[in-house]
Amino acid sequence: MNDLKDLEQFYTTDLRAPLSRLERERKRIVWMTLLQAVGLTVVNVLVFLVMEGNERSLAAFTTVGSLVWLGYFALSKDVRWAKEFKTTIIPPLLHRIEPSFAYSPEGKIESRVFDATGLYEFSQMYDYDGEDLVTGMLGGIPVSFCELRITSGGSKNGRTTRFRGMFLVAEMDAGIDDPVWLLPEDYVSTREKMGPVSR
């Protein structure tokens, strides 16, 4: 895209219709979930008022069960909506920015590539997860980037986030024998946040 006018034209011709359709679907999901929640609550309250004694415990249990089911229903709809957004909107937008870009919603850069950077040293095993992998060429240089989440530690509640954000790899063949480090201007003050650098 060359400028704002080009972006506006692209939006008008290629993105407006699918975005409008997705927005209508999102609103429909919200309203359906809200109506179902109100309906289930009213029915369960009426049942609770009619029942007596131990039967009320059963009514309370079915109320909780109904709300859990509704939450699962809403979440599954939301996941399907997000997946459709990623497959419908993001690929043409990326292609418009750079025709060589390929997009994989569930893809990620391999953990061995992350390990090879030497940016972090972990004294224990860690969990490596990511999504939204983009691969392609920029100025003749192969690039890959994705959203990564790296955690380490014991139980799920006691885990420490080691890295969360966009991770980019560029394969530059410049005949450099030594490692090249790109560090933020305030590297010294953010070193603790980033974790120990291995080299």
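Rules behind the numbers
Residues numbered from 1 in each chain as written. Predicted model: local features only at pLDDT ≥ 70, side-chain atom pairs only at ≥ 80, totals over all residues. Heavy atoms only, no water. Core = buried A, V, L, I, M, F, W, Y, C linked by side-chain atoms within 4.5 Å. Buried < 20%, exposed > 50% of the residue type's maximum accessible area, 1.4 Å probe, protein only. Helix = DSSP H or I, 4+ residues; strand = E, 2+ residues; numbered from the N terminus. Contact = heavy atoms within 4.5 Å. Patch = residues over 30% accessible without salt bridge, like charges linked within 9 Å, V, L, I, M, F, W, Y side chains within 5 Å. Areas by Shrake-Rupley, 256 points an atom, 1.4 Å probe, with all protein chains shown as cover. Salt bridge = Lys/Arg side-chain N within 4 Å of Asp/Glu carboxyl O. pLDDT = per-residue confidence, 0-100. Pairing = 2+ DSSP bridges. Axes fitted to C-alpha atoms, helices over the stretch in contact; angles between N-to-C directions.

**Student:** So what about the nonpolar core? Which residues, and what values?
**Tutor:** Of all hydrophobic cores here, the largest spans 12 residues; its members are I109, F114, Y120, Y126, Y128, L133, C146, L148, I150, F163, F167 and V169. Of all the secondary-structure elements, those providing two or more residues to this core are β2 (126-138), β3 (141-153) and β4 (159-170). Here Y126 is in contact with S111, F114, D115, I150, T151 and S152, once residues within four sequence places are set aside.

**Student:** Lay out a nonpolar patch on the surface in plain terms, naming residues and giving numbers.
**Tutor:** Taken together, the side chains of W31, L34, L35, V38, V42, V45, L46 and L49 present a nonpolar region at the surface, about 810 Å² in accessible area. Following the sequence through the fold, L49 ends up in helix α1 (residues 4-50).

**Student:** Describe the confidence of the model for the protein, listing the residues and the values that go with them.
**Tutor:** Confidence in the prediction of the protein, expressed as mean pLDDT, is 79, and 78% of residues score 70 or more. Strand β1 (residues 102-104) holds the highest mean pLDDT among the elements of the protein, 94, whereas helix α5 (residues 187-194) holds the lowest, 53.

**Student:** Let's hear about the pairing of β3: which residues, and what values?
**Tutor:** Here 11 bridges tie β2 to β3, and the two strands are oriented antiparallel to one another. Each residue of the ladder has a partner; that of E131, found in β3, is E147. Pairing of β3 with β4 involves 11 bridges; the strand directions are antiparallel. Within the sheet, the bridge partner assigned to E147 lies in β4 and is M166.

**Student:** If you had to explain the pattern of salt bridges to someone new, which residues and values would you point to?
**Tutor:** Applying the stated criterion across every chain yields a total of nine salt bridges. Across the pair E84 and R21 runs a salt bridge whose closest N-O atoms are separated by 2.6 Å. Of the two residues, E84 sits in helix α2 (residues 54-88) while R21 sits in helix α1, which places them 63 residues apart along the sequence. For E84, a relative accessible area of 29% translates into the label partly exposed. Using a relative accessible area of 35% as the deciding quantity, one classes R21 as partly exposed. Of the charged contacts, one joins E23 and R26 as a salt bridge, the two residues approaching to 2.6 Å between their closest N and O atoms. With E23 and R26 both in helix α1, this residue pair falls three residues apart, about one helical turn. Owing to a relative accessible area of 33%, R26 belongs among the partly exposed residues under this scheme. Three or more residues are tied together by salt bridges with common partners; here these are K86, D129, E131, D132 and R149.

**Student:** So what about unusual backbone geometry? Which residues, and what values?
**Tutor:** A negative phi holds for most residues other than glycine; trans holds for most peptide bonds. The backbone of D132 shows a phi angle near 60 degrees, a positive value even though the residue is not glycine. When you line up the elements, D132 lands in strand β2.

**Student:** I'd like to hear about the sheet that holds β4, residue by residue, with values.
**Tutor:** Ordered by their spatial adjacency, four strands build an open sheet running β1-β2-β3-β4, and the pairing between neighbours is antiparallel. For this open sheet the edge positions go to β1 and β4, each flanked by a neighbour on one side alone. The average angle at which neighbouring strand axes cross in this sheet is 10 degrees, direction not considered. Pairing of β1 with β2 involves three bridges; the strand directions are antiparallel. Bridge assignment links Y103 to a residue of β2, and that residue is V134.

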